Amino acid sequence: MNLLRTLSRAPSSVAYSCAARSLSQTLLSCLAGDRLRRLLPAAHARAVVSEGLCDLFLANLLLRGYSKLGLLHDARRLFDGMLHRNLVSWSSAISMYAQHGGDEQALVLFAAFRRSFDEVPNEFLLASVLRACTQSRAVHFGEQVHDTALKLGLDVNIYVGTALINLYARVACMDAAMRVFHALPAKNPVTWTAVITGYSQIGQSGLALDLFQKMVVQGVCPDRFVLASAVSACSALAFLQGGRQIHGYAYRSAAGMDASVINALIDLYCKCSRPLMARKLFDRTENLNLVSWTTMIAGYMQNSLDAEAMDMFWQMCQAGWQPDVFACTSILNSCGSLEAIWQGRQIHAHAIKANLETDEYIKNALIDMYAKCDHLTAARAVFDALAHDDAVSYNAMIEGYARQGDLTEALHVFRRMRYCSIRPNVLTFVSLLGVSSFQSAIELSKQIHGLIIRSGTSADLYMGSALIDAYSKCSLVDDAKAVFLLMHNRDLAVWNAMIFGHVQNEQGEEAVKLFSQLRASEVTPNEFTFVALVTVASNLASMFRGQQFHAQIIKVGADSNPHVTNALIDMYAKCGFINEGWLLFELTCGKDAVCWNSMILTYAQHGHAEEAFRVFQLMREARVEPNYVTFVGVLTACAHAGLVDEGLHHFNSMKIKYGIEPGIEHYASVVNLLGRSGKLHSAKEFIERMPIKPVAAVWRSLLSACRLFGDIEIGRYAAEMALLVDPSDSGPYVLLSNIYASKGLWADVQKLRLGMDYAGTMKEPGYSWIEVMKEVHTFIARGTEHPQAESIYAALDELTSLLKDFGYLPDTSELPLLGDNG
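Everything quoted here is computed from the prediction, not taken from an experiment.

### Examining the overall build of the chain
Right, so step 1: Regarding its fold elements, the chain presents 47 helices and two strands.
Right, so step 2: The buried share among the 822 residues of the chain stands at 48%.
Right, so step 3: Counted over contacts in the chain with a minimum sequence separation of 6, partners at least 24 positions apart contribute 61%.
Right, so step 4: In the form shown here, the chain has an accessible surface area of approximately 41,800 Å², with 54% of it arising from carbon and sulfur atoms.

Next comes the structure, spelled out in structure tokens:
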């Protein structure tokens, strides 16, 4: 109150210089306190009344006060009205703009200073100008200031030098930054922080850590900023041991409790796949801030612990923190991964209320979340309302349509992207290749390949593996191999794509040859490589190859991987070695649903229904939830054993007890079950009551049962319905012909044969194979491709002759239809 009375007192006859000194002392006493905002306007008014503004010291103090309060407009009016200015005046005004985001005004003011003021700038003024250059990325202007500093010999000043290092580091000119750094005779922690952070930001974290080590060796005590930068460098390198050493140092120093250091450590542990360690540090920290919560949420998301990320997010909201852009982006990613549409919509509502919806990261995360949750209408609404010149938004939308197999809409968005002159990137082309190959759109895949070549991204390894996969899925293995051969420095993803390409196109031998080349290279195979190879052995039913691969899998320690184990169980089953498959199953730890399903299907397909039911019971006792595939196996087992009541019970329990919607495979299994049991009318009625449209395979299943029981009427109806669904399928013709032949209706057989010829339908030849002396021999019905075909047929004729001698009469009822198509 005394100060306010002093300031409001009318001017006396004392000279204005005394009043100016009094006001100056008053201002100096409150510049460092909380009273400045109340006293500054009164002091300014008093200075105007008493003509104290003529005192340069007082005017500069007022200017400094306005700058400290961030009152830029008032400060500039005072500065422009000053009759006299000195170096302090210019320095205060330029520093004010640099500190409060007025970088452009700071540079304009410095240019005016150089034109209208005779004195040379000092280190404080130059440091402020360089700060403005750094924040506005005005590198050219900063280089001019650097030249001025060199002429004045101020480039070796600690303040100017540090500001120059910050400028060059911000624009990734680390060579220039290091020249300034090495020229400085003395360096403080801020200087070291500038170069360490600079190298860390441009991805050269190794150099950043080398500098940190030199700093410690030279006896410079790192502050919280240096420690946070060093930990961030360890995070970028996934250098857990180095980060833990810095953690230990920080724990022993006062800087260890700083929030920026703790947040950097939480980020380190998450990026090094140690989320539990990150959570322990988080829980022990008292001075948590929003960044701490956001970093922990993002860490859970990055480690695919999406449920934990969701739980942490709601805890943060309950603790009173308002989620920012980064927190919302991370949790939207988790919502997408969990397909948690309800929670995703809540985050969307928050983003709208907090005016975050137009943020680039938020809008892209929203599009991605809705797309992953299969709500493409909502994703498109966000895209149409918010997306602008941003490739990420377009990629998210294209990927959403690609995931749904909607090629038309994916291409529509892509065309719009090109119309808006937004350059497609690797992710754009990979998404388009995925959907085009899924629909076997060969010409489109080739067109996309042409665009990839024009874009200059064809050498990208990620792109290469996508192209190989696309061509392989379109059965263009030669084109896939051409892409493969053009790829230099192939990574494992490229090798795996080519190996899987051969497997998908039943070129097992080529896949094995490629694996031999892979082993000769420096690339180490992973579990996906071995899954592909075991699949080769399964397709060939080659026990010798399968055991070879199994031995290699054990040797590299990949036998504990569930994908590999499931593939091995399937391989042993297809080779007829069920007991070996069961032994492997029993040795498997942490069996997932896929593993249990493999064993159930193995027993079911080999007609061992009781064993299949026993494994299903064990699965339930292990509290592993049955899924869609589980019931395919169970119903198949029921069909093989003729257990109608039990099969219908399992079919009905799918939806009622387990919430699984029956699919076409389940309906086909029930039809097969009823048909094998002679309940042909029940099977026909079951098909007609199906809530989904029956495919040809369902009608063929009924037709097979009609052949077994010789029911011409239902058989003819089933064949007609199957051909309506798929006119090119030869199966119904063959099955119905067999029914006619078994009844001696040769005229109907001939009529069916003519109908088949008219439709241009060819019967697929039958294949069989056998492994002899570690070599797989393949045979085609009535084929002569095998090199020993003549000897084999001679042996068969001899065996047939012997059988006839013992009274065997061959069944020739199917020959009339097979004819030349066999």
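After presenting the structure, the write-up continues.
### Observations regarding the nonpolar core
Right, so step 1: Within the largest apolar cluster, 240 residues are counted, with the highest numbers of intra-cluster contacts made by Ile196 and Leu702.
Right, so step 2: Those residues in contact with leucine 702 that sit more than four places away from it in its chain are Val671, Leu680, Ala683, Lys684, Ile687, Ile714 and Ala718.

### Section: the environment of isoleucine 452
Right, so step 1: You can see isoleucine 452 is positioned in helix 27 (residues 442-455).
Right, so step 2: The class of isoleucine 452 is buried, set by a relative accessible area of 0%.
Right, so step 3: Along the backbone, isoleucine 452 and leucine 467 are 15 residues apart, and their C-alpha atoms lie at a distance of 9.7 Å.
Right, so step 4: Excluding residues within four positions of it along the chain, isoleucine 452 makes contact with Phe429, Leu433, Thr457, Ser458, Met463 and Leu467.

### Observations concerning the pattern of salt bridges
Right, so step 1: Per the counting criterion, the structure on display carries 14 salt bridges.
Right, so step 2: Across the pair arginine 403 and glutamate 399 runs a salt bridge whose closest N-O atoms are separated by 3.7 Å. One end of the pair is arginine 403 and the other is glutamate 399, both in helix 24 (residues 391-403) and four residues apart, which spans about a single turn.
Right, so step 3: Residue glutamate 399 is classed as partly exposed on the basis of its relative accessible area of 30%.
Right, so step 4: Via salt bridges that share partners, Arg380, Asp384, Glu409 and Arg416 belong to a single interconnected network.

### Focus on the UniProt feature "repeat: PPR" (unreviewed entry) in the chain
Right, so step 1: If you check UniProt for "repeat: PPR" (unreviewed entry), the listed places come out as residues 55-89, 188-222, 289-323, 390-424, 491-525 and 592-626 in our numbering.
Right, so step 2: Taken end to end, residues 188-222 is 74% helix and 0% strand, and its two terminal C-alpha atoms sit 9 Å from one another.
Right, so step 3: Taken end to end, residues 289-323 comprises 74% helix and 0% strand; its first and last C-alpha atoms sit 11 Å apart.

### Quick notes on a nonpolar patch on the surface
Right, so step 1: Together, Tyr793, Leu796, Leu799 and Leu802 make up an exposed nonpolar region whose accessible area comes to about 360 Å².
Right, so step 2: Secondary-structure assignment places leucine 802 in helix 46 (residues 789-805).

### Considerations on the side chain of threonine 630
Right, so step 1: Tracing the backbone through its elements, the reader meets threonine 630 in helix 38 (residues 628-641).
Right, so step 2: Using a relative accessible area of 0% as the deciding quantity, one classes threonine 630 as buried.
Right, so step 3: A polar atom in the side chain of threonine 630 sits 2.9 Å from the side chain of asparagine 627.
Right, so step 4: Excluding residues that lie within four positions of it along the chain, threonine 630 makes contacts with Asn597, Ile600, Phe616 and Met619.

### Focus on helix 38
Right, so step 1: With 14 residues, helix 38 ought to run about 20 Å at 1.5 Å a step, and its terminal C-alpha atoms sit 21 Å apart, in line with that.
Right, so step 2: Burial within helix 38 is extensive, with 10 of its 14 residues counted as buried.
Right, so step 3: For helix 38, the complete set of buried residues consists of Thr630, Phe631, Val632, Gly633, Val634, Leu635, Thr636, Ala637, Cys638 and Ala639.
Right, so step 4: Elements in contact with the buried residues of helix 38: helix 36 (593-605), helix 37 (609-621), helix 39 (644-658) and helix 40 (664-676).
Right, so step 5: At the C-terminal side of helix 38, glycine 642 shows a positive phi close to 70°.

### Looking at the side chain of threonine 329
Right, so step 1: Mapping threonine 329 onto the fold places it in helix 20 (residues 325-338).
Right, so step 2: Its relative accessible area of 15% is what places threonine 329 among the buried residues.
Right, so step 3: Apart from residues lying up to four places away in sequence, threonine 329 is in contact with Tyr361, Ile362 and Ala365.

### Considering unusual backbone geometry
Right, so step 1: In this model, alanine 238 sits at a positive phi of 55°, which is unusual for a non-glycine residue.
Right, so step 2: Its location among the elements puts alanine 238 in the loop between helix 14 (224-237) and helix 15 (240-252).
Right, so step 3: We classify alanine 238 as partly exposed; its relative accessible area is 45%.
Right, so step 4: Its identity is not glycine, yet serine 304 carries a phi of approximately 60°, on the positive side.
Right, so step 5: Inspection of the secondary structure assignment puts serine 304 in the loop between helix 18 (290-302) and helix 19 (306-318).
Right, so step 6: The exposed category is assigned to serine 304, whose relative accessible area is 58%.

### What to know about the packing of aromatic side chains
Right, so step 1: Evaluated as defined, the whole model comprises 21 aromatic pairs.
Right, so step 2: Measuring from centroid to centroid gives 5.7 Å for phenylalanine 124 and tyrosine 159, while their planes differ by 40°, and the two rings are tilted. Here tyrosine 159 lies in helix 10 (residues 158-170) and phenylalanine 124 lies in helix 8 (residues 123-136), a separation of 35 residues in the sequence.
Right, so step 3: A residue is classified by how much of its surface remains accessible, and phenylalanine 124, at 45% relative accessible area, is partly exposed.
Right, so step 4: Ring centres of tyrosine 667 and phenylalanine 686 lie 5.8 Å apart, and the angle between their planes is 45°; on these two criteria the pair is classed as tilted. Pair noted here: tyrosine 667 is in helix 40 and phenylalanine 686 is in helix 41 (residues 680-688), with a separation of 19 residues, a long-range link.
Right, so step 5: On the basis of relative accessibility, which here comes to 7%, the residue tyrosine 667 falls in the buried class.
Right, so step 6: With relative accessibility at 11%, the residue phenylalanine 686 sits in the buried group.
Right, so step 7: A network of ring pairs unites the aromatic residues Trp90, Phe110, Phe113 and Phe141 as a single cluster.
Right, so step 8: The ring of tyrosine 717 is capped by lysine 684, whose NZ or CZ atom sits 4.9 Å from the centre of that ring.

### Re the packing of helix 23 (residues 376-386) against helix 24
Right, so step 1: At their nearest, the axes of helix 23 and helix 24 sit 11 Å apart, and the two run at 160° to each other. Comparing the axis directions of helix 23 and helix 24 gives the class roughly antiparallel. The way helix 23 lies across helix 24 gives a crossing that is left-handed. On the side of helix 23, the interface is formed by Leu376, Ala379, Arg380 and Phe383, while helix 24 contributes Ser393, Tyr394, Met397, Gly400 and Tyr401.
Right, so step 2: A per-class count over the contact of helix 23 with helix 24 returns six nonpolar, two polar and one charged.

### Some remarks on the packing of helix 8 against helix 9 (residues 139-152)
Right, so step 1: One way to put it is that helix 8 packs onto helix 9 with a least axis distance of 9 Å and a crossing angle of 160°. When the axes of helix 8 and helix 9 are compared, the pair comes out roughly antiparallel. As for the relative orientation of helix 8 and helix 9, their crossing is left-handed in sense. Together, Leu126, Val129, Leu130 and Cys133 of helix 8 and Phe141, Gly142, Val145, Ala149 and Leu152 of helix 9 make up the contact between the two elements.
Right, so step 2: When its residues are assigned to classes, the contact of helix 8 with helix 9 shows eight nonpolar, one polar and no charged.

### Some words on helix 40
Right, so step 1: An ideal rise of 1.5 Å per residue puts 18 Å on 13 residues; helix 40 measures up with 18 Å between its terminal C-alpha atoms.
Right, so step 2: What helix 40 keeps buried is the set His666, Tyr667, Ala668, Ser669, Val670, Val671, Leu673, Leu674 and Gly675.
Right, so step 3: Buried residues along helix 40 sit in contact with helix 38, helix 39, helix 41 and helix 42 (696-709).
Right, so step 4: Trailing helix 40 by a residue or two, glycine 678 shows a phi angle of about 80°, which is positive.

Reading the values: the criteria
Residues numbered from 1 in each chain as written. Predicted model: local features only at pLDDT ≥ 70, side-chain atom pairs only at ≥ 80, totals over all residues. Heavy atoms only, no water. Helix = DSSP H or I, 4+ residues; strand = E, 2+ residues; numbered from the N terminus. Buried < 20%, exposed > 50% of the residue type's maximum accessible area, 1.4 Å probe, protein only. Contact = heavy atoms within 4.5 Å. Areas by Shrake-Rupley, 256 points an atom, 1.4 Å probe, with all protein chains shown as cover. Core = buried A, V, L, I, M, F, W, Y, C linked by side-chain atoms within 4.5 Å. Salt bridge = Lys/Arg side-chain N within 4 Å of Asp/Glu carboxyl O. UniProt positions renumbered as here; feature names shortened; annotations may be inferred. Patch = residues over 30% accessible without salt bridge, like charges linked within 9 Å, V, L, I, M, F, W, Y side chains within 5 Å. Polar contact = N/O pair within 3.5 Å; in protein donor to acceptor, adjacent residues only side chain to side chain. Expected span 1.5 Å × (residues − 1). Phe/Tyr/Trp six-rings, centres within 6.5 Å; stacked < 30°, edge-to-face > 60°. Lys NZ or Arg CZ within 6 Å of the ring centre and 35° of its normal. Axes fitted to C-alpha atoms, helices over the stretch in contact; angles between N-to-C directions. Parallel < 35°, antiparallel > 145°, perpendicular 65-115°, else oblique. Left-handed = near helix turned anticlockwise from the far one by under 90°. Nonpolar A, V, L, I, M, F, W, Y, C, P; charged D, E, K, R; others polar.

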